[in-house]
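These are the residues of each chain, in order.
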Amino acid sequence: TASTALIENALVLDKFQEEIQQLIEGKTVPAVADPKMVFSDIKSSPNALYNLLLFSGYLTAETVKQGRASTYNCDLRIPNKEVLEVFEVSIMQWMSNKFNIEPGEYSAFINELLAGKIDIFMEKLRNYLAIASSYYSTGPKNAEVFYNGFMLGLISSVSLEYLVETEKESGSGRVDLLLLPKANAKYRNAVIVEFKLANKEENLKLAA
């Protein structure tokens with residue numbers, strides 16, 4: 001019955017972004033539903049956040065199994081398109097915070113990609129990544145996973161105009177990220193993105 005500020009502030013924290021991106025993709029996240037949960041530690045405890053989102057209707061339980069001490073083991077998902085937009089807005093806010101840019105500048109940046117102005121988009125992306133990422137996120141072990149999630153967050157703002165697919169099988173492989181314009185899309189370009197790790201810039205095209 002109170003303000004949604006607590007949820008909004010929690011949804012833009014770094015520690016929740018991987019799971020939030022999974023939810024936006026239509027996947028589920030595991031959680032222990034506990035009716036006795038205290039929400040004061042929502043910013044430090046993923047389970048507290050997911051309990052609050054579950055009990056307030058932002059998530060719904062796809063599967064439920066009885067646990068210990070009156071708890072339930074659940075797989076949670078986003079219930080409908082209206083709530084999906086709440087999560088997409090939170091991702092946009094997270095990206096804006098990471099890039100330290102205003103929403104209008106953020107939209108202009110995404111439009112460079114959708115309009116096919118790849119060189120301009122890549123130059124801006126390099127500059128933003130220098131601010132937003134760290135070695136610990138993008139080292140050899142985590143690089144492709146990090147950039148895949150990063151780009152999913154980046155393009156979540158256009159999901160109403162584009163069909164967004166990940167790891168879609170095509171030919172003899174899978175497309176890491178695919179954007180197909182819907183009828184209401186401003187631009188008619190389809191966008192295919194492949195994520196590859198290379199130790200030198202000149203090896204990147206060969207790896208891709």
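See above for the structure.
What counts and how
- Residues numbered from 1 in each chain as written.
- Predicted model: local features only at pLDDT ≥ 70, side-chain atom pairs only at ≥ 80, totals over all residues.
- Heavy atoms only, no water.
- Salt bridge = Lys/Arg side-chain N within 4 Å of Asp/Glu carboxyl O.
- Helix = DSSP H or I, 4+ residues; strand = E, 2+ residues; numbered from the N terminus.
- Buried < 20%, exposed > 50% of the residue type's maximum accessible area, 1.4 Å probe, protein only.
- Arc of directions from axis to C-beta.
- Contact = heavy atoms within 4.5 Å.

**Student:** How should the pattern of salt bridges be read in this particular structure?
**Tutor:** Between side chains of opposite charge, pairing is possible as soon as their charged atoms come close. In total, this model carries three salt bridges according to the counting rule given. E62 is the salt-bridge partner of R77, the closest N and O atoms lying 3.3 Å from each other. Placement of R77 in strand β3 (residues 72-77) and of E62 in strand β2 (residues 60-66) is noted, with a sequence separation of 15 residues between them. Classification of E62 by relative accessible area gives partly exposed; the value is 48%. Put simply, E112 and K124 hold a salt bridge, and the shortest N to O gap is 3.4 Å. Separated by 12 residues along the polypeptide, E112 in helix α5 (residues 103-114) and K124 in helix α6 (residues 118-132) bring together distant segments of the chain. Exposure remark for K124: the relative accessible area of 29% places this residue in the partly exposed category.

**Student:** It is not clear to me how helix α2 (residues 17-24) should be interpreted in this structure. Could you clarify?
**Tutor:** Side chains three or four residues apart in an α-helix point the same way, a direct result of the helix having 3.6 residues per turn. Residues Q17, I20, Q21 and L23 constitute the buried set of α2. Each buried residue of α2 lies within a common arc of 155° when the element is viewed along its axis, so the set occupies one face. In the segment just after α2, G26 is the residue with positive phi, at about 95°.

**Student:** Where do I start with helix α3 (residues 46-55) in this structure?
**Tutor:** The buried fraction of α3 is high, at seven of 10 residues. Along α3, the positions that sit buried rather than exposed are A48, L49, Y50, N51, L52, L53 and L54. Elements that come into contact with the buried residues of α3 comprise α1 (5-11), α2, β1 (29-33), β2, β3 and α4 (81-99). Positive backbone phi, approximately 90°, marks G57, located one or two places after α3.

Keep in mind these numbers describe shape, not what the thing actually does.
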